[in-house]
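Letter by letter, the chains look like this.
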Amino acid sequence: QVQLVESGGGLVQAGGSLILSCAASGRIFRNYAMGWFRQAPGEERTFVARITWSGGNTAYADSVKGRFNISRDNAKNTVYLQMNSLKPEDTAVYSCNAEISSFTSPKKDYWGQGAQVTVSS
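Quick caveat, the model's predicted, so the values are computed rather than measured.

Cut-offs and rules
- Residues numbered from 1 in each chain as written.
- Predicted model: local features only at pLDDT ≥ 70, side-chain atom pairs only at ≥ 80, totals over all residues.
- Heavy atoms only, no water.
- Helix = DSSP H or I, 4+ residues; strand = E, 2+ residues; numbered from the N terminus.
- Buried < 20%, exposed > 50% of the residue type's maximum accessible area, 1.4 Å probe, protein only.
- Polar contact = N/O pair within 3.5 Å; in protein donor to acceptor, adjacent residues only side chain to side chain.
- Contact = heavy atoms within 4.5 Å.
- Pairing = 2+ DSSP bridges.
- Core = buried A, V, L, I, M, F, W, Y, C linked by side-chain atoms within 4.5 Å.

### With respect to unusual backbone geometry
Right, on to step 1. At Asn-77, a position not held by glycine, the phi torsion is positive, near 50°.
Right, on to step 2. Looking at the secondary structure, you find Asn-77 in the loop between β7 (68-73) and β8 (78-83).
Right, on to step 3. On the basis of relative accessibility, which here comes to 17%, the residue Asn-77 falls in the buried class.

Here it is in structure tokens:
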């Protein structure tokens, strides 16, 4: 009933920038928060950034503070992750996460399929 569609992944050189977007669609009643996780090769999935929908409160992993910026477009139910000063260690599959209540379901987590971000040195 709720789908997350990610876009913007790709290959970028170290020091470059990339922006990811994730749009939630479907039977959305209320969007509570959206964010990003990532999973590097051979690593566990880790938190990257999160933004609450009502207040726009943000949180970032220490590893991306000052380099990444998360923002939202409430009208579009879309979250963006602006990634700057990218490092090879940022290479990972980035997955969009949303905390959403639908018209027929209580609040739950939804996940996108993931977008590959590869940073070359």
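### Considering the side chain of Asn-31
Right, on to step 1. Within the secondary structure, Asn-31 is located in strand β4 (residues 28-39).
Right, on to step 2. Residue Asn-31 is classed as buried on the basis of its relative accessible area of 7%.
Right, on to step 3. In terms of polar contacts, Asn-31 uses its side chain to reach the backbone amide nitrogen of Ala-33, at 3.3 Å.
Right, on to step 4. Side-chain polar atoms of Asn-31 contact the side chain of Asn-77, separated by 3.3 Å.
Right, on to step 5. If we ignore the near neighbours within four places in the chain, the residues touching Asn-31 are Trp-53, Asn-77, Glu-99 and Ile-100.

### As for the pairing of strand β5 (residues 46-52)
Right, on to step 1. Pairing of β4 with β5 involves six bridges; the strand directions are antiparallel. Paired with Arg-38 across the bridge in β5 is Thr-46.
Right, on to step 2. Here β4 folds back onto β5, and the loop between the two strands holds six residues, one of which, Gly-42, carries a positive phi near 75°.
Right, on to step 3. In sequence, β5 turns back onto strand β6 (residues 58-60) through a hairpin of five residues, with Gly-56 there showing a positive phi of about 70°.

### Some points on the pairing of β4
Right, on to step 1. Here β4 runs beside strand β9 (residues 92-102); their pairing, made up of 10 bridges, is antiparallel. Note on β9: the bridge partner recorded for Ile-28 is Ser-102.

### Describing the environment of Ser-102
Right, on to step 1. Summarising the element assignment, Ser-102 is placed in strand β9.
Right, on to step 2. Assessed through its relative accessible area of 5%, Ser-102 is described here as buried.
Right, on to step 3. Separated by 72 residues in the primary sequence, Ser-102 and Arg-30 place their C-alpha atoms 6.7 Å from one another.
Right, on to step 4. Here the side chain of Ser-102 touches Ser-105 through a polar contact of 2.9 Å, landing on its backbone nitrogen.

### Some points on the environment of Ala-92
Right, on to step 1. Considering the arrangement of structural elements, one finds Ala-92 in strand β9.
Right, on to step 2. Each C-alpha atom, one on Ala-92 and one on Asn-74, is 27 Å from the other, the two residues being 18 residues apart in sequence.

### Some remarks on the nonpolar core
Right, on to step 1. Ranked by internal contacts, the top residues of the largest apolar core, which has 32 residues, are Met-34, Trp-36, Val-79, Leu-81, Met-83 and Tyr-94.
Right, on to step 2. Of all the elements in the fold, those that place two or more residues in this core are β1 (2-7), β3 (18-26), β4, β5, β7, β8, β9 and β11 (115-120).
Right, on to step 3. Ranked by the residues each element gives to this core, the list is headed by β9, at five residues.
Right, on to step 4. Beyond its immediate chain neighbours, meaning those up to four positions away, Val-79 contacts Leu-20, Ser-21, Cys-22, Met-34, Trp-36, Ile-51, Trp-53, Ile-70, Ser-71, Arg-72 and Cys-96.

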